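The lines below spell out each chain.
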Amino acid sequence: MPFTRITLRQGYSDAQLAQLSDILHRCLTEEFAVPPDDRFQVIETLPANQRVFSRHYLSGARSDDFMLFQIIAGKPRTRTQKQNFYRALSERLQQELSINPDDVMVIVQNNQSDDWSFSNGEIYAPQRR
């Protein structure tokens, strides 16, 4: 049950934003154990003066194409799952949208099931086995 906020520069077409969303979702389902119907994303495009980031901190060289993926995940993932997800996302963004891997930053935060209410004002209660 991840929720992802994607922050990037202005200027992408609706088709490119849809492709970005699809790439993210494919990577989440394939590498992060997310069910196919579990898709919650917000894509925000901001002007340059509202995106402040270091061009070189722990990276080769970030450009104006810098993208930030903030993922709130309802359950922890293993280090291997995270690494595979990060790699797959960076590779697919490069292959399909020509985004340099230096321009891809991901932050994963975890919380508990009772931190979620999907509807009706009710706490999410996963089925126990």
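Scoring rules and cut-offs
Residues numbered from 1 in each chain as written. Predicted model: local features only at pLDDT ≥ 70, side-chain atom pairs only at ≥ 80, totals over all residues. Heavy atoms only, no water. Salt bridge = Lys/Arg side-chain N within 4 Å of Asp/Glu carboxyl O. Helix = DSSP H or I, 4+ residues; strand = E, 2+ residues; numbered from the N terminus. Pairing = 2+ DSSP bridges. Expected span 1.5 Å × (residues − 1). Buried < 20%, exposed > 50% of the residue type's maximum accessible area, 1.4 Å probe, protein only. Contact = heavy atoms within 4.5 Å.

Chemist: For the pattern of salt bridges, give the residues involved together with the corresponding values.
Modeler: Pairing between side chains of opposite charge can happen when the charged atoms of each approach one another. Overall, the coordinates contain six salt bridges when judged by the stated rule. Here Glu-96 makes a salt bridge to Arg-26, at a shortest N to O gap of 2.7 Å. On the criterion of sequence distance, the pair formed by Glu-96 in helix 2 (residues 79-97) and Arg-26 in helix 1 (residues 14-31) is long-range, its members being 70 residues apart. Its salt-bridge partner being Arg-92, residue Glu-30 comes within 2.5 Å of it at the nearest N-O pair. Here Arg-92 lies in helix 2 and Glu-30 lies in helix 1, a separation of 62 residues in the sequence.

Chemist: Let's hear about the pairing of strand 2 (residues 41-46): which residues, and what values?
Modeler: Consecutive residues of a regular strand have side chains that alternate between opposite faces of the sheet. By the bridge criterion, six bridges tie strand 1 (residues 3-9) to strand 2 in an arrangement that is parallel. Its bridge partner lying in strand 2, Arg-9 is registered against Leu-46.

Chemist: Any details on helix 1? Residues and values, ideally.
Modeler: For helix 1, which comprises 18 residues, the first-to-last C-alpha distance of 26 Å matches the rise-based estimate of 26 Å (1.5 Å per residue) to within 8%. Taken residue by residue, helix 1 has Leu-17, Leu-20, Ser-21, Ile-23, Leu-24, His-25, Cys-27 and Leu-28 as its buried positions. In this structure, the buried side of helix 1 is in contact with strand 1, strand 2, strand 3 (67-73) and helix 2. Two residues or fewer past helix 1, Ala-33 is found with a positive phi of approximately 60°.

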